[in-house]
2 protein chains.
Amino acid sequence: MRFDPSNLKFDDKGLIPAIAQQQGTGEVLMMAWMNAASIEKTLETGHVTYWSRSRQSFWAKGESSGHVQKLIELRVDCDRDCLLLIVDQTGPACHTNRRDCFYTAVRDGEEVVISEPMV
Amino acid sequence: MRFDPSNLKFDDKGLIPAIAQQQGTGEVLMMAWMNAASIEKTLETGHVTYWSRSRQSFWAKGESSGHVQKLIELRVDCDRDCLLLIVDQTGPACHTNRRDCFYTAVRDGEEVVISEPMV
(Lines give C-alpha, C1' and ligand atoms only; values in the text may rest on other atoms or scores of the structure.)
Protein backbone atom coordinates (compact mmCIF):
# COMPACT_ATOMS: atom_id res chain seq x y z
CA MET A 1 0.00 0.00 0.00
CA ARG A 2 1.22 3.48 -0.89
CA PHE A 3 1.99 5.48 2.26
CA ASP A 4 -0.24 8.53 2.58
CA PRO A 5 0.15 10.71 5.70
CA SER A 6 -3.53 11.62 5.49
CA ASN A 7 -4.36 8.00 6.44
CA LEU A 8 -2.69 8.40 9.83
CA LYS A 9 -4.69 9.22 12.95
CA PHE A 10 -3.90 12.75 14.03
CA ASP A 11 -5.16 14.27 17.26
CA ASP A 12 -7.67 17.11 17.43
CA LYS A 13 -4.82 19.55 16.68
CA GLY A 14 -3.76 17.62 13.56
CA LEU A 15 -0.65 16.23 15.28
CA ILE A 16 0.87 12.79 15.80
CA PRO A 17 3.64 11.90 18.28
CA ALA A 18 6.95 10.85 16.73
CA ILE A 19 9.67 9.00 18.65
CA ALA A 20 13.24 9.38 17.39
CA GLN A 21 15.50 6.35 17.88
CA GLN A 22 19.18 6.20 16.94
CA GLN A 23 19.94 3.55 14.35
CA GLY A 24 22.32 0.89 15.60
CA THR A 25 22.48 1.82 19.26
CA GLY A 26 18.69 1.86 19.80
CA GLU A 27 18.87 4.96 22.02
CA VAL A 28 15.52 6.70 22.39
CA LEU A 29 16.58 10.28 21.71
CA MET A 30 13.39 12.34 22.01
CA MET A 31 9.72 12.56 21.29
CA ALA A 32 8.16 15.43 19.41
CA TRP A 33 5.13 16.09 17.21
CA MET A 34 4.48 16.07 13.49
CA ASN A 35 1.63 17.13 11.26
CA ALA A 36 0.95 15.74 7.78
CA ALA A 37 3.02 18.47 6.10
CA SER A 38 6.03 17.93 8.36
CA ILE A 39 5.91 14.19 7.62
CA GLU A 40 5.94 14.97 3.92
CA LYS A 41 8.86 17.38 4.34
CA THR A 42 10.76 14.74 6.33
CA LEU A 43 10.28 12.11 3.64
CA GLU A 44 11.13 14.54 0.84
CA THR A 45 14.27 15.97 2.40
CA GLY A 46 15.54 12.97 4.37
CA HIS A 47 15.98 15.26 7.38
CA VAL A 48 13.51 15.10 10.27
CA THR A 49 11.17 18.08 10.45
CA TYR A 50 8.79 18.28 13.39
CA TRP A 51 5.95 20.69 14.06
CA SER A 52 6.70 23.07 16.90
CA ARG A 53 3.61 23.40 19.08
CA SER A 54 5.04 26.43 20.90
CA ARG A 55 6.05 28.32 17.75
CA GLN A 56 3.27 26.87 15.54
CA SER A 57 5.75 26.38 12.73
CA PHE A 58 7.93 23.75 11.11
CA TRP A 59 10.90 22.72 13.20
CA ALA A 60 13.66 21.41 10.96
CA LYS A 61 15.62 19.59 13.63
CA GLY A 62 19.17 20.94 13.91
CA GLU A 63 18.62 23.78 11.43
CA SER A 64 20.20 26.32 13.77
CA SER A 65 22.29 24.04 16.01
CA GLY A 66 23.62 21.70 13.33
CA HIS A 67 22.40 18.76 15.39
CA VAL A 68 20.41 17.30 12.54
CA GLN A 69 18.50 14.04 12.41
CA LYS A 70 18.94 12.16 9.18
CA LEU A 71 15.94 9.94 8.56
CA ILE A 72 16.85 6.31 8.08
CA GLU A 73 13.31 4.88 8.19
CA LEU A 74 9.83 5.97 9.19
CA ARG A 75 7.62 3.40 10.91
CA VAL A 76 3.92 3.53 11.79
CA ASP A 77 2.36 1.79 14.78
CA CYS A 78 -0.55 -0.67 14.76
CA ASP A 79 -3.11 2.02 15.62
CA ARG A 80 -1.61 4.47 13.10
CA ASP A 81 -1.50 7.10 15.83
CA CYS A 82 2.23 7.11 16.62
CA LEU A 83 5.41 7.20 14.53
CA LEU A 84 8.85 5.74 15.16
CA LEU A 85 11.64 7.52 13.32
CA ILE A 86 14.85 5.56 12.94
CA VAL A 87 17.44 8.30 12.61
CA ASP A 88 21.09 9.11 12.53
CA GLN A 89 21.51 11.93 15.06
CA THR A 90 24.45 14.30 14.76
CA GLY A 91 25.60 15.22 18.28
CA PRO A 92 23.06 15.93 21.01
CA ALA A 93 19.33 15.53 20.33
CA CYS A 94 18.32 17.49 23.44
CA HIS A 95 18.29 21.29 23.74
CA THR A 96 20.28 20.82 26.97
CA ASN A 97 23.09 19.44 24.76
CA ARG A 98 22.61 15.97 26.12
CA ARG A 99 22.52 13.07 23.73
CA ASP A 100 18.86 12.36 24.58
CA CYS A 101 16.03 14.10 26.42
CA PHE A 102 15.32 11.30 28.93
CA TYR A 103 18.16 12.07 31.33
CA THR A 104 16.06 12.18 34.48
CA ALA A 105 15.44 8.78 36.09
CA VAL A 106 13.20 8.04 39.04
CA ARG A 107 15.13 5.88 41.49
CA ASP A 108 13.79 5.04 44.95
CA GLY A 109 11.27 7.84 44.52
CA GLU A 110 13.91 10.48 43.78
CA GLU A 111 14.70 12.24 40.51
CA VAL A 112 18.28 11.49 39.47
CA VAL A 113 20.11 13.09 36.53
CA ILE A 114 21.80 10.21 34.69
CA SER A 115 23.63 11.97 31.84
CA GLU A 116 25.53 15.18 31.28
CA PRO A 117 25.73 17.60 28.35
CA MET A 118 27.99 16.41 25.51
CA VAL A 119 29.29 19.88 24.65
CA MET B 1 14.20 16.05 44.30
CA ARG B 2 11.35 13.77 45.27
CA PHE B 3 9.44 12.60 42.18
CA ASP B 4 5.85 13.79 42.18
CA PRO B 5 3.68 12.93 39.17
CA SER B 6 1.70 16.14 39.70
CA ASN B 7 4.82 18.09 38.62
CA LEU B 8 4.70 16.56 35.13
CA LYS B 9 3.08 18.39 32.22
CA PHE B 10 -0.11 16.61 31.26
CA ASP B 11 -2.18 17.52 28.22
CA ASP B 12 -5.66 19.03 28.40
CA LYS B 13 -7.06 15.53 29.06
CA GLY B 14 -4.67 14.97 31.98
CA LEU B 15 -2.54 12.53 29.99
CA ILE B 16 1.15 12.16 29.15
CA PRO B 17 2.65 9.93 26.43
CA ALA B 18 4.75 7.01 27.68
CA ILE B 19 7.20 5.10 25.47
CA ALA B 20 8.01 1.53 26.49
CA GLN B 21 11.53 0.33 25.67
CA GLN B 22 12.86 -3.17 26.33
CA GLN B 23 15.80 -3.24 28.71
CA GLY B 24 18.95 -4.63 27.15
CA THR B 25 17.83 -4.86 23.53
CA GLY B 26 16.61 -1.26 23.29
CA GLU B 27 13.56 -2.24 21.23
CA VAL B 28 10.88 0.45 21.21
CA LEU B 29 7.85 -1.69 21.99
CA MET B 30 4.91 0.70 22.03
CA MET B 31 3.64 4.12 23.03
CA ALA B 32 0.56 4.61 25.19
CA TRP B 33 -0.80 7.17 27.62
CA MET B 34 -0.71 7.59 31.38
CA ASN B 35 -2.41 9.86 33.86
CA ALA B 36 -1.04 10.73 37.29
CA ALA B 37 -2.89 7.85 38.96
CA SER B 38 -1.61 5.27 36.47
CA ILE B 39 1.95 6.49 37.01
CA GLU B 40 1.49 6.02 40.75
CA LYS B 41 0.05 2.52 40.23
CA THR B 42 2.98 1.65 37.97
CA LEU B 43 5.54 2.77 40.54
CA GLU B 44 3.69 1.06 43.41
CA THR B 45 3.15 -2.28 41.70
CA GLY B 46 6.25 -2.46 39.48
CA HIS B 47 3.99 -3.41 36.57
CA VAL B 48 3.18 -0.88 33.87
CA THR B 49 -0.38 0.45 34.01
CA TYR B 50 -1.50 2.83 31.28
CA TRP B 51 -4.69 4.83 30.95
CA SER B 52 -6.95 3.53 28.19
CA ARG B 53 -8.37 6.47 26.26
CA SER B 54 -10.95 4.29 24.50
CA ARG B 55 -12.21 2.59 27.67
CA GLN B 56 -11.48 5.55 29.98
CA SER B 57 -10.07 3.20 32.60
CA PHE B 58 -6.79 1.83 33.91
CA TRP B 59 -5.08 -0.57 31.55
CA ALA B 60 -2.84 -2.90 33.51
CA LYS B 61 -0.71 -4.07 30.61
CA GLY B 62 -0.95 -7.84 30.14
CA GLU B 63 -3.64 -8.32 32.80
CA SER B 64 -5.75 -10.47 30.49
CA SER B 65 -3.10 -11.65 27.98
CA GLY B 66 -0.28 -12.35 30.43
CA HIS B 67 1.99 -10.16 28.31
CA VAL B 68 2.99 -7.97 31.22
CA GLN B 69 5.53 -5.17 31.32
CA LYS B 70 7.68 -5.19 34.41
CA LEU B 71 8.95 -1.70 35.13
CA ILE B 72 12.72 -1.46 35.33
CA GLU B 73 12.99 2.34 35.40
CA LEU B 74 10.83 5.37 34.72
CA ARG B 75 12.48 8.36 33.03
CA VAL B 76 11.17 11.88 32.43
CA ASP B 77 12.14 14.05 29.47
CA CYS B 78 13.60 17.56 29.57
CA ASP B 79 10.22 19.22 29.05
CA ARG B 80 8.52 16.92 31.59
CA ASP B 81 5.84 16.14 29.00
CA CYS B 82 6.91 12.64 27.94
CA LEU B 83 7.93 9.48 29.80
CA LEU B 84 10.31 6.70 28.84
CA LEU B 85 9.59 3.39 30.56
CA ILE B 86 12.45 0.92 30.59
CA VAL B 87 10.66 -2.40 30.90
CA ASP B 88 10.98 -6.13 30.74
CA GLN B 89 8.24 -7.24 28.35
CA THR B 90 6.90 -10.78 28.54
CA GLY B 91 6.10 -11.97 25.00
CA PRO B 92 4.47 -9.62 22.52
CA ALA B 93 3.78 -6.01 23.44
CA CYS B 94 1.38 -5.47 20.53
CA HIS B 95 -2.25 -6.57 20.43
CA THR B 96 -1.45 -8.16 17.04
CA ASN B 97 0.87 -10.52 18.96
CA ARG B 98 3.92 -8.92 17.46
CA ARG B 99 6.83 -8.08 19.68
CA ASP B 100 6.34 -4.35 19.07
CA CYS B 101 3.71 -2.08 17.54
CA PHE B 102 5.96 -0.43 14.93
CA TYR B 103 5.91 -3.24 12.38
CA THR B 104 4.96 -1.09 9.40
CA ALA B 105 7.87 0.62 7.68
CA VAL B 106 7.69 3.13 4.86
CA ARG B 107 10.14 2.09 2.14
CA ASP B 108 10.26 3.81 -1.25
CA GLY B 109 6.88 5.32 -0.47
CA GLU B 110 5.22 1.97 0.21
CA GLU B 111 4.04 0.51 3.51
CA VAL B 112 5.90 -2.73 4.24
CA VAL B 113 5.15 -5.12 7.13
CA ILE B 114 8.52 -5.94 8.67
CA SER B 115 7.61 -8.38 11.47
CA GLU B 116 5.18 -11.19 12.05
CA PRO B 117 3.14 -12.28 15.10
CA MET B 118 5.17 -14.23 17.68
CA VAL B 119 2.33 -16.59 18.63
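Quick note: structure is the one above.
Just so we're clear, the structure is a prediction, and the values are computed from it rather than from any experiment. (Residues numbered from 1 in each chain as written. Chains lettered and ligands numbered in written order. Predicted model: local features only at pLDDT ≥ 70, side-chain atom pairs only at ≥ 80, totals over all residues. Heavy atoms only, no water.)

Enquirer: How would you summarise the pattern of salt bridges if you had to cite specific residues and measurements?
Expert: One pass over the full model with this rule turns up 16 salt bridges over all chains. Residue K13 of chain A is joined to D12 of chain B by a salt bridge in which the shortest nitrogen-to-oxygen separation is 3.6 Å. One end of the pair, K13 of chain A, is in the segment before β1 (16-22); the other, D12 of chain B, is in the segment before β1 (16-22), on a second chain. What makes K13 of chain A exposed here is its relative accessible area of 55%. Among the residues examined, D12 of chain B registers a relative accessible area of 60% and is labelled exposed. Two residues, R75 of chain B and E73 of chain B, come together in a salt bridge whose shortest N-O distance is 2.8 Å. The buried category is assigned to E73 of chain B, whose relative accessible area is 10%. Three or more residues are tied together by salt bridges with common partners; here these are D12 and K13 of chain A together with D12 and K13 of chain B. (Salt bridge = Lys/Arg side-chain N within 4 Å of Asp/Glu carboxyl O. Helix = DSSP H or I, 4+ residues; strand = E, 2+ residues; numbered from the N terminus. Buried < 20%, exposed > 50% of the residue type's maximum accessible area, 1.4 Å probe, protein only.)

Enquirer: With reference to specific residues and values, describe the relation of the copies chain B and chain A.
Expert: Of the transformation placing chain B onto chain A, the axial shift is 0.0 Å and the rotation is 180 degrees, giving an RMSD of 0.0 Å. The transformation relating the two chain copies, once decomposed into turn and shift, fits a two-fold axis. No C-alpha of chain B lies nearer the rotation axis than that of G26 of chain B, which sits 2.6 Å from it. Comparing interface residues between copies, 100% of those in chain B also lie at the interface in chain A; the contact surface is shared. (Least-squares fit on C-alpha atoms with pLDDT ≥ 70 in both. Contact = heavy atoms within 4.5 Å.)

Enquirer: Can you break down the sheet that holds strand β5 (residues 69-76) of chain A residue by residue, with the values?
Expert: A sheet is described by the order of its strands in space; here six strands give the open sequence β2(A)-β1(A)-β6(A)-β5(A)-β7(B)-β8(B), paired in mixed fashion. Every interior strand has two partners, whereas the edge strands, β2 (28-34) of chain A together with β8 (110-113) of chain B, have only one. Ignoring strand direction, the axes of neighbouring strands in this sheet form an average angle of 35 degrees. As judged from the five bridges shared by β1 of chain A and strand β6 (residues 83-89) of chain A, these two strands associate in the parallel manner. Across the sheet, Q21 of chain A pairs through a bridge with I86 of chain A, a residue of β6 of chain A. (Pairing = 2+ DSSP bridges. Axes fitted to C-alpha atoms, helices over the stretch in contact; angles between N-to-C directions.)

Enquirer: Outline the pairing of strand β4 (residues 57-60) of chain A, supporting the account with residue identities and numerical values.
Expert: Residue and element names in this part refer to chain A. Pairing between strand β3 (residues 49-52) and β4: four bridges, direction antiparallel. Looking at β4, one finds that T49 is bridged to A60. Hairpin remark: β3 followed by β4, antiparallel, with four residues in the connecting loop; positive phi at Q56, about 55 degrees.

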